[in-house]
Amino acid sequence: MAAAARAALPRPFLPLHSSSRHSYRLAIPPSPAPRLRGGGAATSVTAAAAPLQQQVTTGRLGDVIEAQQFDRAALNEIFEVAREMEAVERGSHGAPSRVLEGFLMATLFYEPSTRTRLSFEAAMRRLGGEVLTTENAREFSSAAKGETLEDTIRTVEGYSDIIVLRHFESGAARRAADTANIPVINAGDGPGQHPTQALLDVYTIKREIGTLDGIKLGLVGDLANGRTVRSLAYLIAKYKDIKIYFVSPDVVKMKDDIKDYLNSQGVQWEESSDLLEVASKCDVIYQTRIQKERFGERIDLYEAARGKYIVDKKVLDVLPKHAVIMHPLPRLDEITADVDSDPRAAYFRQAKNGLYIRMALLKLLLVGH
Amino acid sequence: MAAAARAALPRPFLPLHSSSRHSYRLAIPPSPAPRLRGGGAATSVTAAAAPLQQQVTTGRLGDVIEAQQFDRAALNEIFEVAREMEAVERGSHGAPSRVLEGFLMATLFYEPSTRTRLSFEAAMRRLGGEVLTTENAREFSSAAKGETLEDTIRTVEGYSDIIVLRHFESGAARRAADTANIPVINAGDGPGQHPTQALLDVYTIKREIGTLDGIKLGLVGDLANGRTVRSLAYLIAKYKDIKIYFVSPDVVKMKDDIKDYLNSQGVQWEESSDLLEVASKCDVIYQTRIQKERFGERIDLYEAARGKYIVDKKVLDVLPKHAVIMHPLPRLDEITADVDSDPRAAYFRQAKNGLYIRMALLKLLLVGH
Amino acid sequence: MAAAARAALPRPFLPLHSSSRHSYRLAIPPSPAPRLRGGGAATSVTAAAAPLQQQVTTGRLGDVIEAQQFDRAALNEIFEVAREMEAVERGSHGAPSRVLEGFLMATLFYEPSTRTRLSFEAAMRRLGGEVLTTENAREFSSAAKGETLEDTIRTVEGYSDIIVLRHFESGAARRAADTANIPVINAGDGPGQHPTQALLDVYTIKREIGTLDGIKLGLVGDLANGRTVRSLAYLIAKYKDIKIYFVSPDVVKMKDDIKDYLNSQGVQWEESSDLLEVASKCDVIYQTRIQKERFGERIDLYEAARGKYIVDKKVLDVLPKHAVIMHPLPRLDEITADVDSDPRAAYFRQAKNGLYIRMALLKLLLVGH
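Residues numbered from 1 in each chain as written. Chains lettered and ligands numbered in written order. Predicted model: local features only at pLDDT ≥ 70, side-chain atom pairs only at ≥ 80, totals over all residues. Heavy atoms only, no water.

Caption draft 1: Broad picture of the sheet that holds strand E1 (residues 104-109) of chain C. Residue and element names in this part refer to chain C. Across the sheet, four strands lie side by side as E2-E1-E3-E4; this open sheet has parallel pairing. Each of the sheet's edge strands pairs with one partner strand only, and the pair in question is strand E2 (130-134) and strand E4 (184-189). Taken pair by pair, the neighbouring strands of this sheet meet at an average axis angle of 15°, ignoring direction. As judged from the four bridges shared by strand E3 (residues 162-167) and E4, these two strands associate in the parallel manner. (Pairing = 2+ DSSP bridges. Helix = DSSP H or I, 4+ residues; strand = E, 2+ residues; numbered from the N terminus. Axes fitted to C-alpha atoms, helices over the stretch in contact; angles between N-to-C directions.)

Structure below.
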């Protein structure tokens, strides 16, 4: 085939690892940079180019890979759009949004996480977009046969406009984003990151308390294994005059890397074994589940850790009237059921905020603000 | 946060178990009652309030939990709407319905039931609505980690407008409905109820025979374990001059609770071991599968029961010309394949009626008549 | 019920196995034949009749069951529509297609094949249609309970407008098509056929090279077990002056039935053990994965076969500038990763073409050209 004829052919899969790749570390790049990777000669306009071009001129996000990629300005923008999304969702029945009409999201989940998946899919649908679902891509016949994640991504990007990836390996989301010519959102990659959870946590604090600067935050429970509290610590450190209390059984204490990071950011923190005393001083008590699956055969250690710090009526009694209780869910008995009816129990509102945050991210990634 | 500021916040998850809860026992409440549970102060308008308010003014159903909740007036209304749905479905390609545009249904299936799931999802789609699917929520990571059904429901109701629940535990649907602020439809809860199956069965009798009063109905096969025939018996008892024949192997005879109920409702019934004689007198022969899974290791008993009452050409020979054969499906060999081509074989039309009944219920629950 | 009343009832499930059945062997029937099977008296207009009637007057395909069913004229038409689909997909975001609005596709997959499933579902969505998904119908509760494929099809056709079937048994697609009153597409039935893969392969050759007549094609790798290369051989034989080179380890050589068929069609072929020499003469090198699962316990034979013919930089060095490398995916290491960045690496474009071919087939089957 003549070179000219070839040039006219679609080339959706251009050479990878281009150095001109739009960096995901920059939430707000200094100037709009083309998302197309690898050369991107004028003749190689791809079938997927239209939305990407559109994104270049209006959008500001490339991919969503880790909590640290967002600065305060980016967070503000995301939260502002999330706030708008509450009205969009409310209006669904009378006049459903068409903002993402004609866009197709692929949820590629290598491990099941129904809560996260449903929340992303609801977000896409509430904006008028469509969804391709893979509930358990680990059994993806191709993956089972030894296909690399990169090859899977190159195939799936041909069928969709954005990929939401849940994976069991830390770093998988970054590898996917480095490969794909369409946006990638990390919906949790193993022990690594779960940035949309961190965003919805911070958004919930802002939405419930009204501010982020000056917040006093009690992190309770499994602080060693929970990527949730780790990502939240990274993100909240971007705000001023933060004070964090760590309340956890000894076996699952917050690790030094986070403590060092907080020190480097000038964030005050202290450890405490007195949940009631901490609760009396905090704006937010963030409870977490002790993750049994991390204890292996040491069920005795698990049982001891599990019962140590429970949020119950006694905590409510000392908790300030304006404060709230949060939890990433699922919860077992680390928050007792009689807490649910207290207006300060914010955890189901927090889950709902996941919808708004994901709507905001999908909108920002696909069509811009 | 000031109380005033808090009041302005969304409160989708209000205190539960309110006594002002719209009872699902009342298919047609004496006067429109607000669906919002728990106080429902004027300031706590929730993000989900719009459709609920809409439902309050137009809808008549709260949840669909058990066959007994419907009286004849409610059944008539459902059947009337189901009949209209046939035309809606027929018109799908030229002018698809937008009746449920912007509504989102979550199918939360804790055990797989593809037939029921696809039928609900097709129903939602034929009305212009959207679907969030969970094919096997038992592996829902949160449920596997020990989350209660109630917590799952409180999360999923934040992402959707109606929940269709299939569960392995009797009573699960009622627990879900007691928790949710959005409508819940029971798509089968263990050995408990499967009310939409009962509705489609009764609708099929009406649609095929033209009337329900005065029907002679032969229930054949596994009458002990089939929730289908049990629910059908409850529902058909609401009509006049019903006669029911029970034809079943001794090990799976109809239980006394149903017989007692029929007696209390003045419904005539008798047991028979002569299928041909019963077939010659009936308007409807309702055949069912002998459920192997209920026999445990007694395969000998299963095999004996299984071959005892088969609907075949000999049954067709004595069956009145106007009568029909029904079966909830799946069938094995309790109806022979050569029966399929007889116009009186109604079981696939019956399956199709499941679509119309579910369209009708979704419409009635979400936007009213 | 009177016969007249019965005649007015919907009868979506007419007697089966009618001899008047629209044959799927005829891609272009001599005259439009009604798709309705079995009698089809004028009074038995079914709920599903409208789209079928529409298809009769405008469409030309009945079902898609095997590669051999298509003649050159049919292939040309499909490829022409596929080419148009590239523009339809490109325009998705601004003005999404409504060509299949109101149509519902059921993907009934008895074995997982995420790539194929997502590609069909994306195709349907890009045309404005809707999807009912079954990711693993083998666990379909009814199939597990012993329901026949035919009964499942008769149920699912009541809920949808077209069925895409993936099955583990050869011949399953034909059985489904013989049963269904709506179109069926074979998305792979065990060791049997995978006709849409063969279509996208041939389309890719045409799209990349510009012609099909006169093509020199190297089939490499597992030629004994791969249904892909077998179907491709059948289909390419319809074109003129084709030359095929078979390059494979001895244990997985092309079987005699295909060789006999090529001989009968006057297609030249030869076997070679020199991949570089073949590559230097070909327009297309079609590499395939050695299927480990076919070797059972003979891992030694697998390992020997697997490493024998690798497409790498050395192959690129001798491959003509106009030629391309194809692969049905997934690939392991039979094509090295450094080949990906060469413009002649066509395998991801090939995967993308699967979208266009499936869009074309859905359009042709449901609304015609």
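Caption draft 2: Looking closely at the interface of chain C and chain B. Taken together, the contact pairs 39 residues of chain C with 43 residues of chain B. Summing both partners gives a buried area of about 3600 Å² for chain C against chain B, and 54% of it is carried by carbon and sulfur. Counting the contacts that link chain C with chain B gives six salt bridges. The salt bridge partner of Glu 147 of chain C is Arg 115 of chain B, with a shortest N-O separation of 2.5 Å. Taken together, the connections running from chain C to chain B amount to 13 residue pairs in polar contact (both at pLDDT 80 or more). When contributions to the side of chain C that touches chain B are tallied by element, the ones reaching two or more residues are helix H2 (49-58), E2, helix H5 (141-144) and helix H6 (149-156) of chain C. Considering every element that reaches the side of chain C that touches chain B, the biggest residue donor is E2 of chain C, with five residues. Split into classes, the residues belonging to the side of chain C that touches chain B amount to 16 nonpolar, 11 polar and 12 charged. (Contact = heavy atoms within 4.5 Å. Buried area = accessible area lost by both parts, 1.4 Å probe. Salt bridge = Lys/Arg side-chain N within 4 Å of Asp/Glu carboxyl O. Polar contact = N/O pair within 3.5 Å; in protein donor to acceptor, adjacent residues only side chain to side chain. Nonpolar A, V, L, I, M, F, W, Y, C, P; charged D, E, K, R; others polar.)

Caption draft 3: Structural view of the environment of Cys 282 of chain C. All names here are of chain C. Among the secondary structure elements, Cys 282 is positioned in the loop between helix H11 (275-279) and strand E8 (284-287). Among the residues examined, Cys 282 registers a relative accessible area of 1% and is labelled buried. Residues Cys 282 and Asp 256 lie 26 residues apart in sequence; the distance between their C-alpha atoms is 23 Å. Leaving out residues up to four positions away in the same chain, Cys 282 has contacts with Lys 216, Leu 217, Gly 218, Tyr 245, Pro 320 and Ala 323. (Buried < 20%, exposed > 50% of the residue type's maximum accessible area, 1.4 Å probe, protein only.)

Caption draft 4: The arrangement of the relation of the copies chain C and chain B in detail. The transform that puts chain C on chain B rotates by 120° and translates by 0.0 Å along the axis, for an RMSD of 0.0 Å. Interpreted geometrically, this transformation is the action of a three-fold axis. Little of the interface of chain C is mirrored in chain B, where only 8% of its interface residues are also at the interface. (Least-squares fit on C-alpha atoms with pLDDT ≥ 70 in both.)

Caption draft 5: Fine view of the UniProt feature "domain: Aspartate/ornithine carbamoyltransferase Asp/Orn-binding" (unreviewed entry) in chain A. UniProt marks residues 213-364 of chain A with the feature "domain: Aspartate/ornithine carbamoyltransferase Asp/Orn-binding" (unreviewed entry), using the numbering shown here. A distance of 25 Å separates the end C-alpha atoms of residues 213-364 of chain A, which is 37% helix and 14% strand. (UniProt positions renumbered as here; feature names shortened; annotations may be inferred.)

Caption draft 6: Summary view of the pairing of strand E3 (residues 162-167) of chain B. All names here are of chain B. Taken across its six residues, E3 has six buried, putting it largely inside the fold. The alternating pattern of E3 places Ile 162, Val 164 and Arg 166 on one face and Ile 163, Leu 165 and His 167 on the opposite face, and all of these are buried. With five bridges joining them, strand E1 (residues 104-109) and E3 adopt parallel strand pairing. The residue of E3 that forms the bridge with Met 105 is Ile 162. With respect to chirality, the unit in which E3 leads through helix H7 (residues 172-179) into the neighbouring parallel strand E4 (residues 184-189) is right-handed. (Right-handed = clockwise from strand over helix to strand, strands pointing away.)

Caption draft 7: The arrangement of the pairing of strand E5 (residues 216-220) of chain C in detail. Residue and element names in this part refer to chain C. In terms of residue burial, E5 counts as a mostly covered element, since four of its five residues are buried. In the sheet, E5 pairs with E8 via four bridges, with the strands oriented parallel. Opposite Gly 218, over in E8, you have Ile 285 as the bridge partner.

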